[in-house]
Amino acid sequence: MLAIDDVLIDDGVPGAFFSCDLVLCKGACCVEGELGAPVLEEEAESLREITGTVSEKLPEKNRRYIRRYGCLEIYQGNFYTRTIEGRECVFAFRDKEITFCAIEKRKPLSCRLFPIRIKKKFGLDYLVYERHAMCRQAVKGGIDKSVLLVDYVAEALIECYGLTWYRRLKDLLANSPMNYARH
């Protein structure tokens, strides 16, 4: 496990490669899973407010669902986007065979960090790489293009922890005995 400031990083994160291609995965992360995307408390009100402005992009069943149940649910004290029948996120819509997000520009941080999840360990943020079968092509794409997972989600990591923190992460990876940055 690595640590940078008050952020712990699971051993699976540094050497992982990842580069998602929507054409190959068809937006599976917006459809698969029992819970929707984790939502930070500070993101919750913003999502509630924009629901009306993005509804024209959504299928009628999603609009009905949101009107009836809202766009968020609370599970074990945490906010999540609602899912329809335990499948797709209420903000998901399909165009041809690909699932897109109606709130693309306002996605929760957890969506932009995916497949990294922020857990808590010893009261600190703990970054964990969640491996999913639906992301096999993204892993292959990352290997083929030499894109490290931490580079793929760089913007979200910088938003969350700052540019200085991200640079320290990159320096640590480049100078580690595992030589992650050169795999």
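In short, a report on the structure. Since we're looking at a predicted model, the values are computed, not measured. Residue numbers restart at each chain and count upward from 1, following the sequence in its written direction. In view of the model being predicted, local features appear only for residues whose pLDDT reaches at least 70, and side-chain atom pairs are presented and counted only at 80 or more, with totals across whole chains, interfaces and linings using the full set of residues. Neither water nor hydrogens contribute to the side-chain values; these are computed over all heavy atoms in the structure.

Next up on the list: the sheet that holds strand S9 (residues 124-129). A pair of strands is treated as paired once DSSP finds two or more bridges between them. Counting from the N terminus, the helices are DSSP H or I runs at least four residues long and the strands are E runs at least two residues long. Here 4 strands make up an open sheet; going across it, the order is S1-S2-S9-S8 and the pairing mixed. Both edges of this open sheet fall to strand S1 (2-4) and strand S8 (116-121), since each of them pairs with a single strand only. Sheet twist, expressed as the mean angle between neighbouring strand axes with direction ignored, is 30 degrees. Note that S1 and strand S2 (residues 7-9) share 3 bridges and pair antiparallel. Each residue of the ladder has a partner; that of Ala3, found in S2, is Leu8. To get an axis, a line is fitted to the C-alpha atoms, and for a helix only the part in contact is used. The angle between two axes follows their N-to-C directions and goes from 0 to 180 degrees.

Glancing now at the pattern of salt bridges. When a carboxyl oxygen of Asp or Glu is within 4 Å of a side-chain nitrogen of Lys or Arg, the pair counts as a salt bridge. For the structure shown, the criterion picks out 15 salt bridges. Among the ionic pairs, Glu60 bridges to Arg63, the shortest N-O distance being 2.8 Å. Taken together, the residues Glu60 and Arg63, both in helix H3 (residues 60-69) and 3 residues apart, mark about one turn of the helix. Looking at Arg63, the relative accessible area reads 24%, which means it is partly exposed. Where Arg112 meets Glu159, a salt bridge forms, and the shortest distance between an N and an O atom there is 2.3 Å. Residue burial is assigned from relative accessible area. The probe radius is 1.4 Å, only protein chains are included, and a residue is buried under 20% of its type maximum, exposed over 50%, and partly exposed in between.

This next bit is on the packing of aromatic side chains. Each aromatic ring pair is described using two quantities: the centre-to-centre distance and the angle formed by the ring planes. Paired rings are identified among Phe, Tyr and Trp, the last through its six-membered ring, by centres lying within 6.5 Å, and are further divided according to the angle between planes into stacked (under 30 degrees), edge-to-face (over 60) and tilted (the rest). Per the stated rule, a full pass over the model turns up 5 aromatic pairs. When the ring of Tyr65 is compared with that of Tyr69, the centres are 4.6 Å apart and the planes differ by 45 degrees; the resulting orientation is tilted. A residue pair is termed a helical-turn pair when its members lie 3 or 4 positions apart in one helix, as Tyr65 and Tyr69 do in helix H3 at 4 residues. Only lysine NZ and arginine CZ atoms are considered, and such an atom sits over a ring when it is within 6 Å of the ring centre and within 35 degrees of the ring normal. If you follow Lys121 out to its NZ or CZ, it ends over the ring of Tyr126, 4.7 Å from the centre.

Now for the environment of Ala28. Its place among the elements puts Ala28 in the loop between helix H1 (22-25) and strand S3 (38-39). Residues Ala28 and Phe122, 94 residues apart in the sequence, show an inter-C-alpha distance of 32 Å.

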